[in-house]
Amino acid sequence: MKPLTPIMLAGTGSDVGKSLIATGLCRIFMQDGYHPAPFKAQNMALNSYVTPDGLEIGRAQAVQAEAAGVACCSDMNPILLKPSGENMSQVVLNGRPIGNRHACEYFRKEGREDLRDAVHQAFDRLAGRYNPIVMEGAGSIAEINLRDSDLVNMSMARYAGADVILVADIDRGGVFASVYGSIMLQPEADRARIKGIIINKFRGDMRLFESGCRMIEEICRVPVLGVVPYDADIHIEEEDSVALAAKRSGVSAGKINVAVVLVPHISNFTDFDAIERDPRVNLFYTSDADELHEADIIIIPGSKATLADLQYMRRRGIASAIVRCCREGKTVMGICGGYQMMGIEVSDPDGVEGDIPRLPGLGLLPVRTTLAKDKVTRRVSFSFRGSDRQCSGYEIHMGRTVLADDASPLNMIDGSVPEGCMADDRCFGTYIHGILDNQQVIDYILSPYLGKTDAVQVDYAAYKEEQYDALAALLRKHIDIARLYKIMGRDD
């Protein structure tokens, strides 16, 4: 097929829906016989993923790759910033951490060329293998104070020769000003690169905005390619923890209630997407100690700052509430940082996370953790609780956890390497992200509580494929895909 020009989904701001639309376009191009791949030069997120070769990237690009039907790789997201404290982020370059940087240090002009070369090389490698490249910008393209240090927005579009589609969120208000301002604040050459506008998250009767589209086209001299409605029935994995604010609804009768502890530095919350979609489950996030007592199952999630979040849980009474719930017979599970917190002690002798040298854990598991400078990132195949069935997941952590001599591991990696720890049938922890994507594990966790519900399980892998197809169908209905193809250089 004729190569298509790369396309960049740029935004009038953060959380306007760039990632979601990029995901849908990846699926559309795949459906139409192309071999697309996603690309985001620089991503800031705590929700990350491990590629098949053991490298770390933003979860959004892994989701987009899945929608495109290809394996993810670090070239799809060469720079990942993982916030680790006030104005501090861990910098992951080409899948490996290279240290922590203060925001002022990272965004200064000096020393940017090495990072710029790295993202350009990653794009070139990707563009040599896939067609088209579906690029994504970051935040707003109108942050003119950051223009000289930009790696991910218009400077990347210029390098790639990409056509830019501006995405605006009408739900937050001010769409005319945000679209017009985003375009007019660009230098003339960059302004000419913006070939279309997509209005996203529309609620209500779309006919009421037809005149609005004409007005935008008149003042911006850029065509509106479509108005995409807000659709709460399509579920694609979220990247931003802002989405968790809508998932704090509390307990539900006739369901198995699963509470995820909402800590300030929660990471990899997509670990819970599969169990959340199980019809038998009502999953909610909470930082309220009293609400934990109303749940059947409590999950302590991963954290980018384990000691700080453990301290937060102690101050809020959450830690003592979890211990009481465990003693009362509720299921308590920890994943990654949550697993570390469930142990006897977490220590940080080298100051990997900050100024807290050590804290006692919850004492629910006979393990001790020492935080280390070297990060473990790997995909794993494992057996759960001695089963012959193979499960899969991935590890991303900077801790080394040692079990007491008489402790029982939860899993066995590759048939011989013990992993995690299990105090009893309802108290256990693991380093494995994605463990709850395995139906065997979900069924085990839910089994003591099945009498509470008549609902039945679903096939989560098939469910995700259905959601990608539903998203593609939504975009085909509301975006002029033929015009988009023309912009990208297809003749028919």
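Scroll up to find the structure this text is about.
All of the points below concern the structure found in this document. In this text, all values refer to a predicted model and were calculated from it rather than measured experimentally.

### A short note on the overall build of the chain
For the chain, the helix and strand inventory stands at 16 helices and 26 strands. Put simply, the chain has 492 residues, and 58% of those count as buried. The long-range fraction of contacts in the chain, counting pairs at least 24 apart against all pairs at least 6 apart in sequence, stands at 74%. One finds the centroid of the 54 positive side-chain charges in the chain at a distance of 3 Å from the centroid of its 67 negative side-chain charges.

### Some remarks on the environment of Tyr-460
With respect to the secondary-structure elements, Tyr-460 resides in helix α15 (residues 460-478). Taking relative accessible area as the criterion, Tyr-460 reaches 10% and is therefore assigned buried. Here the alpha-carbon distance between Tyr-460 and Asp-309, two residues 151 residues apart in the chain, equals 30 Å. Leave out the neighbours within four places in its chain, and Tyr-460 touches Glu-237, Asp-273, Ala-274, Arg-277 and Asp-437.

### Here we look at the packing of helix α11 (residues 306-315) against helix α12 (residues 318-327)
The angle between the axes and the distance between the axes are what describe a pair of packed helices. At a minimum axis separation of 4 Å, α11 and α12 run at an interaxial angle of 80°. It follows that α11 is roughly perpendicular to α12 by the angle criterion. Contact residues: α11 offers Tyr-312, Met-313 and Arg-314, while α12 offers Ile-318, Ala-319 and Ile-322. Broken down by class, the residue content of the contact of α11 with α12 amounts to five nonpolar, no polar and one charged.

### Structural notes on the sheet that holds strand β18 (residues 331-335)
Two pairing modes exist for strands in a sheet, parallel and antiparallel, and in both the strands are linked by backbone hydrogen bonds. Judged by pairing direction, the sheet is mixed, and its six strands sit side by side in the order β15-β13-β16-β18-β26-β25 without closing on themselves. Of all the strands in the sheet, the pair left with one neighbour each is β15 (281-286) and β25 (421-424). In this sheet, adjacent strand axes meet at a mean angle of 15° when their direction is disregarded. Direction of pairing for strand β13 (residues 256-261) relative to strand β16 (residues 297-300): parallel, over a ladder of three bridges.

### A look at the sheet that holds strand β2 (residues 37-39)
Here six strands make up an open sheet; going across it, the order is β2-β9-β1-β10-β11-β12 and the pairing parallel. Both outer strands of the open sheet, β2 and β12 (224-229), are each paired with one neighbouring strand and no more. Taken pair by pair, the neighbouring strands of this sheet meet at an average axis angle of 25°, ignoring direction. Judged from the five bridges that link them, strand β1 (residues 7-11) and strand β10 (residues 163-169) form a sheet pairing that is parallel. The residue of β10 that forms the bridge with Gly-11 is Val-167.

### Brief notes about the packing of aromatic side chains
One pass over the structure, following the stated rule, counts twelve aromatic pairs. Ring centres 5.4 Å apart and planes at 70° place the aromatic pair Phe-384 and Tyr-444 in the edge-to-face group. You can see Phe-384 sitting in strand β21 (residues 367-384) and its partner Tyr-444 sitting in helix α14 (residues 439-446), a full 60 residues away along the chain. Across this residue pair, the class does not change: Phe-384 and Tyr-444 are buried. By the ring-pair criterion, three or more aromatic residues cluster together here, those being Phe-29, Tyr-34 and Tyr-485. Against the face of Tyr-230 rests Arg-203, its NZ or CZ located 4.0 Å from the ring centre. Stacked on the ring of Tyr-485, the Lys or Arg Arg-490 has its end atom at 3.8 Å from the ring centre.

### Examining the pairing of strand β8 (residues 96-102)
Every other side chain in a regular strand lies on the same face of the sheet, so the side chains alternate between the two faces. Sheet topology places strand β7 (residues 88-93) next to β8; six bridges connect them, and they run antiparallel. The partner of Val-92 across the bridge, within β8, is Pro-97. Between β7 and the antiparallel strand that follows it, β8, lie two residues; Asn-94 among them carries a positive phi value of about 50°.

### Overview of unusual backbone geometry
A cis amide bond, omega -5°, links Asn-131 with the succeeding residue Pro-132. Mapped onto the secondary structure, Pro-132 falls in the loop between α4 (112-127) and β9 (133-136). If you check the backbone angles, Arg-221 has positive phi at about 60° while not being a glycine. Unusually for a residue other than glycine, Cys-336 sits at a positive phi of about 55°.

### As for the side chain of Asn-411
Its location among the elements puts Asn-411 in strand β23 (residues 411-413). Here Glu-419 takes part through its side chain, which lies 2.7 Å from a polar atom of the side chain of Asn-411. Within the local environment of Asn-411, its side chain forms a polar contact with the side chain of Thr-430, the two groups lying 3.5 Å apart. The residues contacting Asn-411, other than those within four sequence positions of it, are Phe-382, Ser-383, Phe-384, Arg-385, Val-417, Pro-418, Glu-419, Thr-430, Ile-432 and Ile-435.

### Focus: the side chain of Ser-182
Relative to the helices and strands, Ser-182 resides in helix α6 (residues 175-184). Among the polar contacts made by the side chain of Ser-182, one reaches the main-chain carbonyl oxygen of Ser-178 at a distance of 2.6 Å. Look past the residues within four positions of Ser-182 in its chain and what remains in contact with it is Thr-12, Ile-141, Ala-142, Leu-166 and Ala-177.

### What about the pattern of salt bridges?
Evaluation of the coordinates by the stated rule reveals 24 salt bridges. The salt bridge partner of Glu-66 is Lys-464, with a shortest N-O separation of 3.3 Å. Note that Glu-66 is positioned in helix α2 (residues 59-68) and Lys-464 in helix α15, a separation of 398 residues in sequence. Of the charged contacts, one joins Arg-116 and Glu-113 as a salt bridge, the two residues approaching to 3.4 Å between their closest N and O atoms. Taken together, the residues Arg-116 and Glu-113, both in helix α4 and three residues apart, mark about one turn of the helix. Under the relative-accessibility criterion, Arg-116 is labelled buried at 14%.

### Quick look at the environment of Ser-182
Given a relative accessible area of 3%, Ser-182 falls into the buried group. For the pair Ser-182 and Ser-155, spaced 27 residues apart in sequence, the C-alpha separation works out to 15 Å.

### Details of the pairing of strand β26 (residues 427-430)
With burial as the criterion, each face of β26 is covered, one bearing Cys-427 and Gly-429 and the other bearing Phe-428 and Thr-430. Note that β18 and β26 share four bridges and pair parallel. Paired with Val-332 across the two strands is Cys-427, which belongs to β26. Across three bridges, the pairing between β25 and β26 is antiparallel. Paired with Met-422 across the two strands is Phe-428, which belongs to β26. Hairpin connection between β25 and β26: a loop of two residues separates the two successive antiparallel strands.

What counts and what doesn't
Residues numbered from 1 in each chain as written. Predicted model: local features only at pLDDT ≥ 70, side-chain atom pairs only at ≥ 80, totals over all residues. Heavy atoms only, no water. Helix = DSSP H or I, 4+ residues; strand = E, 2+ residues; numbered from the N terminus. Buried < 20%, exposed > 50% of the residue type's maximum accessible area, 1.4 Å probe, protein only. Contact = heavy atoms within 4.5 Å. Lys, Arg positive; Asp, Glu negative; His and termini not counted. Charge placed at Lys NZ, Arg CZ, Asp CG, Glu CD. Axes fitted to C-alpha atoms, helices over the stretch in contact; angles between N-to-C directions. Parallel < 35°, antiparallel > 145°, perpendicular 65-115°, else oblique. Nonpolar A, V, L, I, M, F, W, Y, C, P; charged D, E, K, R; others polar. Pairing = 2+ DSSP bridges. Phe/Tyr/Trp six-rings, centres within 6.5 Å; stacked < 30°, edge-to-face > 60°. Lys NZ or Arg CZ within 6 Å of the ring centre and 35° of its normal. Polar contact = N/O pair within 3.5 Å; in protein donor to acceptor, adjacent residues only side chain to side chain. Salt bridge = Lys/Arg side-chain N within 4 Å of Asp/Glu carboxyl O.

Note that every value here comes from positions in space, so none of it alone points to a role or purpose.
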